Amino acid sequence: MLRLGVNIDHVATVRNARGSAYPDPVRAAKIAEAAGADGITAHLREDRRHIKDADIDALMENLAVPLNFEMAATEEMQKIALRHRPHAVCIVPEKREERTTEGGLEVAREEKRIADFITPLREAGCRVSLFVAADRAQIEASARVGAQVVELHTGAYCDLHYEGRFDERDAELERLREMSAHAHALGLEVHAGHGLTYETVKPIAALPEVKELNIGHFLIGEALFVGLGPAMNEMRRLMDEARA
Ligand code: PXP
């Protein structure tokens with residue numbers, strides 16, 4: 001079964017826009033859980049622009065489904081992850097120099113640093129995922145450094161779709177297809193996410209090696225109109241349809 005992880009960061013974005021205590025991202029996470037989310041994803045950014053430290057504390061305390069903790073490869077974030085030991089950590093680029101031109105994490109040129117960084121996280125029992133572009137060098141480096149999972153960055157594919165650049169979108173989809181098979185062949189579990197919507201999810205959900213999608217911004221936006229549960233149900237329906 002293809003898992004759906006729901007990213008609740010942008011509930012916190014709305015909260016922080018007014019510096020208020022609401023809307024509460026933990027409440028959104030509990031609603032997502034009740035509506036059948038397989039996991040909750042939250043990104044504690046260095047500038048705390050959406051999720052804050054107290055949100056991570058509360059998510060760890062209140063969730064029954066696994067937390068996927070997205071974080072930059074910094075000492076501060078590593079300490080927080082080791083204190084909480086979430087089910088999963090996903091290492092994402094935060095600074096320009098950590099990012100490849102396609103937007104994923106630069107693993108290939110930073111192999112030693114990333115390997116050293118993820119070793120204690122793995123030893124603490126966290127499932128380590130690296131958020132990478134559909135790029136052979138990054139995926140092969142991810143396998144070498146000892147990550148268990150790669151999350152393939154679908155942002156470029158989604159942007160090209162909405163810009164109407166369909167030939168380039170299809171070429172990117174082909175790269176995602178080839179690289180999900182390649183990652184799987186190297187023994188990596190394959191996830192995907194970033195920018196996915198009702199319009200763009202199906203070709204990604206149809207990739208047979210992909211085990212989990214992490215979706216946030218679109219679902220939280222759609223929840224304003226129909227509620228989070230119904231938005232998730234429609235996303236799940238499209239995922240299942242693509243999979244069948
Ligand atoms: N996966 C990763 C690694 C991400 O960093 C994000 C964005 O925080 C997502 C998935 C979800 O992207 P979106 O909010 O665009 O659905």
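Please refer to the structure higher up on the page.
Quick caveat, the model's predicted, so the values are computed rather than measured. (Residues numbered from 1 in each chain as written. Predicted model: local features only at pLDDT ≥ 70, side-chain atom pairs only at ≥ 80, totals over all residues. Heavy atoms only, no water.)

Engineer: What exactly am I supposed to notice about the environment of V145 here?
Structural biologist: Take V145: it is sitting in helix α6 (residues 136-145). Distance from V145 to K112, taken between C-alpha atoms, is 7.5 Å for residues 33 residues apart in sequence. Beyond its immediate chain neighbours, meaning those up to four positions away, V145 contacts V107, E111, I114, A115, I118 and L130. (Helix = DSSP H or I, 4+ residues; strand = E, 2+ residues; numbered from the N terminus. Contact = heavy atoms within 4.5 Å.)

Engineer: Sorry, what's going on with the packing of helix α7 (residues 155-162) against helix α8 (residues 166-185) here?
Structural biologist: Packed helices, taken two at a time, are described by their axes: the angle between them and the distance between them. Where α7 contacts α8, the axes come no closer than 8 Å and their chain directions differ by 160°. One finds that α7 runs roughly antiparallel with respect to α8. As α7 packs across α8, the resulting crossing turns out to be left-handed. Only F166, E168, R169, E172, L173 and L176 of α8 make contact with α7, whose side of the interface consists of A156, Y157, L160 and H161. Class assignment of the residues belonging to the contact of α7 with α8 gives a composition of six nonpolar, one polar and three charged. (Axes fitted to C-alpha atoms, helices over the stretch in contact; angles between N-to-C directions. Parallel < 35°, antiparallel > 145°, perpendicular 65-115°, else oblique. Left-handed = near helix turned anticlockwise from the far one by under 90°. Nonpolar A, V, L, I, M, F, W, Y, C, P; charged D, E, K, R; others polar.)

Engineer: Explanation requested: helix α10 (residues 217-226) in the structure shown.
Structural biologist: Because each turn of an α-helix spans 3.6 residues, side chains separated by three or four positions in sequence point in the same direction. Along α10, the residues that are buried comprise L219, I220 and E222. One side of α10 holds all its buried residues, which, seen down the axis, span an arc of 165°. More than 90 degrees from the buried face of α10, the exposed residues found are H217, L224 and F225. Where the residues of α10 are buried, they touch β1 (3-7), α1 (9-18), β8 (210-215) and α11 (228-243). Two residues or fewer after α10 comes G227, characterised by a positive phi angle close to 95°. (Buried < 20%, exposed > 50% of the residue type's maximum accessible area, 1.4 Å probe, protein only. Arc of directions from axis to C-beta.)

Engineer: Help me understand the pattern of salt bridges, please; the structure alone is not making it clear to me.
Structural biologist: Opposite charge on two side chains permits them to pair, given that their charged atoms come into close proximity. Scanning the model with the defined rule gives 23 salt bridges in all. Measuring nitrogen to oxygen at the nearest pair gives 2.9 Å for the salt bridge that ties E110 to R113. With relative accessibility at 27%, the residue E110 sits in the partly exposed group. Judged by its relative accessible area of 35%, R113 falls in the partly exposed class. (Salt bridge = Lys/Arg side-chain N within 4 Å of Asp/Glu carboxyl O.)

Engineer: Teacher, can you tell me more about helix α2 (residues 25-34) here?
Structural biologist: Of the positions making up α2, those classed as buried are P25, V26, A28, A29, A32 and E33. Buried residues of α2 fall within an arc of 155° about the axis and therefore sit on the same side. Turned more than 90 degrees away from the buried face of α2 sit R27 and A34, all of them exposed. Looking at the buried side of α2, the elements it contacts are β1, α1, β2 (39-43), α3 (53-62) and α11. The N-terminus of α2 is capped by D24, whose side-chain oxygen sits 3.0 Å from the backbone nitrogen of V26. Just beyond α2, the residue with positive phi is G36, at close to 105°. (Polar contact = N/O pair within 3.5 Å; in protein donor to acceptor, adjacent residues only side chain to side chain.)

Engineer: Looking at this structure, I do not really get the site of the ligand. What am I missing?
Structural biologist: Around the ligand, a shell composed of 14 residues is seen, among which E70, E151, G195, G216 and H217 lie nearest. G195 places a polar main-chain atom, nitrogen or oxygen, 2.7 Å from an oxygen atom of the ligand. Residue G216 places a main-chain N or O atom 2.7 Å away from an oxygen atom belonging to the ligand. In terms of residue class, the shell around the ligand is made up of four nonpolar, seven polar and three charged. (Near = heavy atom within 4 Å.)

Engineer: I keep staring at the sheet that holds β2 and nothing clicks. Help me out?
Structural biologist: For sheets, the rule is that strands pair by backbone hydrogen bonds, running either parallel or antiparallel. Pairing within the closed barrel is parallel, and its eight strands lie in the order β1-β2-β3-β4-β5-β6-β7-β8. Strand-to-strand twist of the sheet, defined as the mean angle between neighbouring strand axes without regard to direction, takes the value 25°. Bridge count between strand β4 (residues 88-91) and strand β5 (residues 127-132): four bridges; the pairing is parallel. Its bridge partner lying in β5, V89 is registered against V128. Seen against the sheet, α11 touches β1 and β8 and runs at an angle of roughly 150° to β1. (Pairing = 2+ DSSP bridges.)

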